Each structure stands twice: as structure tokens, then as C-alpha cells.
Amino acid sequence: MGTQESDERAGGGTGRRALLGAAVLGAGGAVLGLPGTARAAGTRHGGGHGGGVKSLPVPTVIGHRGASGYRPEHTFGSYELALDLGADIVEAGDLVPTKDGHLVCRHEPEIGGTTDVADHPEFADRKRTKRLDGVSTTGWFTEDFTLAELKTLRATERIPANRPHNTLYDGRWEIPTFEEVLRWQNEQTRRRGKQVWIYPELKHPTYFRKLGLGTEERLARLLRTYGKDRRNSPVIIQSFEPTSIQRMNKLVGNPLAVLLSGANSRPWDFVETGDPRTTADLVTPAGLKEIASYAQGIGPTLDLIIPKDSAGRLAEPTTLVRDAHRAGLTLHPYTMRNENPFLPADFRRGSDPDAYGDVFGAFRTYFATGIDGIFTDNPDTGVLARESFVNGVNS
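Residues numbered from 1 in each chain as written. Predicted model: local features only at pLDDT ≥ 70, side-chain atom pairs only at ≥ 80, totals over all residues. Heavy atoms only, no water.

Caption draft 1: Just the overall build of the chain, in detail. Broken down by element type, the chain carries 15 helices and 13 strands. When the 395 residues of the chain are sorted by exposure, 57% land in the buried category. Summing over all exposed atoms, the chain offers an accessible surface of approximately 14800 Å²; the carbon and sulfur share of this is 52%. (Helix = DSSP H or I, 4+ residues; strand = E, 2+ residues; numbered from the N terminus. Buried < 20%, exposed > 50% of the residue type's maximum accessible area, 1.4 Å probe, protein only. Areas by Shrake-Rupley, 256 points an atom, 1.4 Å probe, with all protein chains shown as cover.)

Below, the structure written as C-alpha cells:
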């Protein structure tokens, strides 16, 4: 998931909507306080290759960029640990292209904060300032490197001030390509004896299309090559740009999700095309109905589920969960993190930026709204929180 995160700085698709609809119904029992239904939903596990999204537990625990609370994000170390810790889906990865057209997994195309590129004197002249979705950004960009050049770099922790323990693993892993992720998914599925799911995100597709590096077609080509472009394929595709998801809807059969940032924000593709709508327009019943015509889910920021007051404490929930479910959409909001600075003020404990707050209380509050799943940097915490929630345990 990308810089749109508030806590950090064609046609039809009826079959696919029905497929994700089963997950919506599963969550409903938990919200209505029906412990039997909630328990059944929470322990439903998929073991086959053809089960589709309905085979996943509800609420679904999604490893955000892997297990990025414990390892540098978007590395195979982070991805594998997410599976070890019980994640139902791994967000592998945020997809950006190289100069020679390969899709690689990085949080952003600017890689100065997630790799050791600054320590490579041979790439010093690649540093430059660009406008990325209207924001002046200085650093090193994947589109200025060939894949062979990127493979000489190593991943580093993105937020060391909050996760100094993760810096222990700086330099251990290279940047994965998405093709390597697809092969890794197959290998992990065989090794673990159950289907491994992934949830890639198309990053800044309008920006890359203007550079002649359109990412939707590249992603669709890889999915077709590996036989993972179908309705029941274990790959959910997401993007903050609705037109990118509309494009993917015409290219593949996979479940699709539109990511939604703060209410007052505008998707960058809307800015480029002069569409005046904001996220607030997209989360109205009419906006959600339109999204449901080409996607099966949404990935809203948690603040769209429960806003915060001026003190940073949780206020009353919005009607988004109810309205999205009525439109036939699932909700996988982002992002739960264990550390104090990323939690609502009422769940923080102390002021240490590396210390954990009452994250179980926060999970319980968000699960109670009826969301169908959640992105988290700490999949083990999410799994334990789900177990407590579906069994009616308050601590």
C-alpha cells in the first residue's frame, strides 16, 4: 500500500462479486453478535486451489508488505514470515517497473528509503528530483535502473525510528520481481500444503503509463503466463486509481479492489483527467455502486471506517461498512500496526515510538464494525485478535 496511506506521513463482474459476497456474509454474523456464525466464519480455511476468496477466513488477516513489523518490507524474508505467523494473504507486492520493463516489489518507485542505493557510488548520478503524482520527490527511481542493476541492491528498513530491531536484517535480501513472487507462491503452496494467496498493488499507474511503462498490461501478461488470471485465482489486485482497476477488469478475471485514501483526497487518475470527485464521493452509496460494476472490494483507510476526533481518539463509526456491503463489496481496510504512533490515541500506552499499545483493543473495535479483513504489519497479532474476537474474548 502506498503514499496515500493516512497513517503514514467493464463490465459486469457479477460472478466475481458473488464470490467475494460469501466473505461479506461470513462477517455479518460476527457483527450481529451471533457467536456460532462468527466462530464458523473465523475458522473457515481454504485448502484447495479452486476455492476462491470464499475459502478464506473472515475477518481475513492480510500481511501488509509481508510481516513488515518484523522484517524489511517487500522481501522474501518478510513474505515468508507473514505466512509463518498465520497471515491468510500476503501483500506481495507493491508493483513498480524497471527501465527494461520488469515489475518489481517496492513500496514506492523511489528506493532511497528502502534500499542501500545511496551506498553505491556507481549510482550516485542516478539521484534526481521528479514530480510523482504532483509531489516533488528526490531520490533514486526504479524506472531509471535495469533489473540487473536493481539486483545489486539490498533492502533496508523503511522506518528505523519506529522499528530499530528491523535494521538487524538490513542487507539480507534483494529486491524481488513479481515473476519471482509468482514462482515463490507456487513453491510455498506446495511446501505448506495449502493455497497461498497474494494481494499485489499497482503503484502510480498513471505516472508510469505516461513514461511508456504501462503496468496493467505487464501484470496481466504475467498472470496469464502463470495461469493466475481467473475468477478463482489466489491473486487479488488493488490500486488507488479506479481507472487502473477498470483497465484490469477488462484484462483479467481476478478479484479486484479499489483502494481509498482520506475523504478529501482525489485519486491521481481523477486529477489527471479532470474528474472533480473526491474519495468522499466514491464512498457514497452511488459511488460504491459504481465501483461494484467493475470491482469486488474496496480497501479504505481505517479513518473511513471510524474517524478520529481532534485528539486522535476514535469517534463514531461511519456507515461505510453497511453501505459497501449493500453494494456487494468487501472491505479490507489498512493498516494496523502495533507501535504507539500508528494507533488511535485511546489505544496508545506511553510515548515510546517503538513500544506497543493496546493493539488487541484496537483490532477488536475495528472488527466489530463488520469489516471483512484488515491489512496489518503484524500478522501474528492480527490472527490472535481475530481468534479472540470470533470467540467473544475481550482481552
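Caption draft 2: Structural detail: the pattern of salt bridges. Tallied over the entire structure, the rule returns 27 salt bridges. Here Asp 84 makes a salt bridge to Arg 192, at a shortest N to O gap of 2.8 Å. Highlighted residues: Asp 84 in helix H3 (residues 76–84) and Arg 192 in helix H5 (residues 178–192), separated in sequence by 108 residues. Salt-bridge contacts for Arg 247 lead to Glu 217; the nearest nitrogen and oxygen are separated by 3.6 Å. Pair noted here: Arg 247 is in helix H8 (residues 242–251) and Glu 217 is in helix H7 (residues 215–225), with a separation of 30 residues, a long-range link. Among the residues examined, Arg 247 registers a relative accessible area of 33% and is labelled partly exposed. Each of Arg 65, Glu 73, Asp 94, Glu 108, Arg 158 and Lys 203 takes part in one network of salt bridges that share partners. (Salt bridge = Lys/Arg side-chain N within 4 Å of Asp/Glu carboxyl O.)

Caption draft 3: Examining the nonpolar core more closely. In terms of nonpolar packing, the biggest core is built from 63 residues, with Phe 178, Leu 219, Ile 237, Ile 298 and Met 336 touching the most fellow members. With 5 residues, helix H14 (residues 359–367) is the single largest residue contributor to this core. Setting aside residues no more than four positions away along its own chain, Leu 219 makes contact with Leu 95, Leu 103, Phe 178, Leu 202, Ile 237 and Met 248. If you look at the next biggest cluster of nonpolar residues, it comprises 16 residues, including Trp 140, Phe 141, Leu 150 and Ile 175. (Core = buried A, V, L, I, M, F, W, Y, C linked by side-chain atoms within 4.5 Å. Contact = heavy atoms within 4.5 Å.)

Caption draft 4: Region of the structure containing the side chain of Gln 185. Mapped onto the fold, Gln 185 is located in helix H5. By relative accessible area, which is 0% here, Gln 185 ends up buried. Here Lys 228 takes part through its side chain, which lies 2.6 Å from a polar atom of the side chain of Gln 185. Once residues lying within four places of it in the same chain are set aside, the contact partners of Gln 185 are Gln 195, Val 196, Trp 197, Ile 198, Lys 228, Pro 234 and Val 235. (Polar contact = N/O pair within 3.5 Å; in protein donor to acceptor, adjacent residues only side chain to side chain.)

Caption draft 5: Looking closely at H7. Turning to H7, its buried residues are Thr 215, Glu 216, Arg 218, Leu 219, Ala 220, Leu 222 and Leu 223. Once H7 ends, the next one or two residues include Gly 227, with phi positive near 65°.

Caption draft 6: Main features of the sheet that holds strand E11 (residues 297–300). With mixed pairing, the 7 strands of this open sheet are ordered in space as E4-E3-E8-E9-E10-E11-E12. The open sheet has two edge strands, strand E4 (103–105) and strand E12 (330–331), and neither has a second partner. (Pairing = 2+ DSSP bridges.)

Caption draft 7: Main features of the environment of Arg 209. Within the secondary structure, Arg 209 sits in helix H6 (residues 205–210). When residues no more than four places from it in sequence are discounted, the contact partners of Arg 209 are Gly 214, Glu 216, Glu 217 and Arg 247.

Caption draft 8: Structural detail: the side chain of Thr 142. Along the chain, Thr 142 falls in the loop between strand E6 (135–139) and helix H4 (147–150). A polar atom in the side chain of Thr 142 sits 2.9 Å from the backbone oxygen of Pro 97. Not counting chain neighbours up to four residues away, the residues in contact with Thr 142 comprise Val 96, Pro 97, Thr 98, Lys 99, Val 104, Arg 106, Pro 109, Ile 111 and Leu 150.

Caption draft 9: The arrangement of the pairing of strand E3 (residues 94–97) in detail. Side chains Asp 94 and Val 96 project from E3 onto one buried face, and the interleaved Leu 95 and Pro 97 project onto a second face that is buried too. Two elements, E3 and strand E8 (residues 201–202), share 2 bridges in a ladder whose sense is parallel. If you follow Asp 94 over to E8, its bridge partner there is Glu 201. For E3 and E4, the ladder comprises 3 bridges, and the chain directions are antiparallel.

Caption draft 10: Fine view of the packing of H14 against helix H15 (residues 379–390). Viewed as axis vectors pointing N to C, H14 and H15 meet at an angle of 60°, and their least axial separation amounts to 9 Å. Classed by the angle they form, the pair H14 and H15 counts as oblique. The crossing of H14 and H15 is right-handed. For the pair H14 and H15, contact is made by Val 359, Phe 360, Phe 363, Arg 364 and Phe 367 and by Thr 381, Gly 382, Leu 384, Ala 385, Arg 386 and Phe 389, respectively. (Axes fitted to C-alpha atoms, helices over the stretch in contact; angles between N-to-C directions. Parallel < 35°, antiparallel > 145°, perpendicular 65-115°, else oblique. Left-handed = near helix turned anticlockwise from the far one by under 90°.)

So far we have only geometry, and geometry alone does not tell us how the molecule works.
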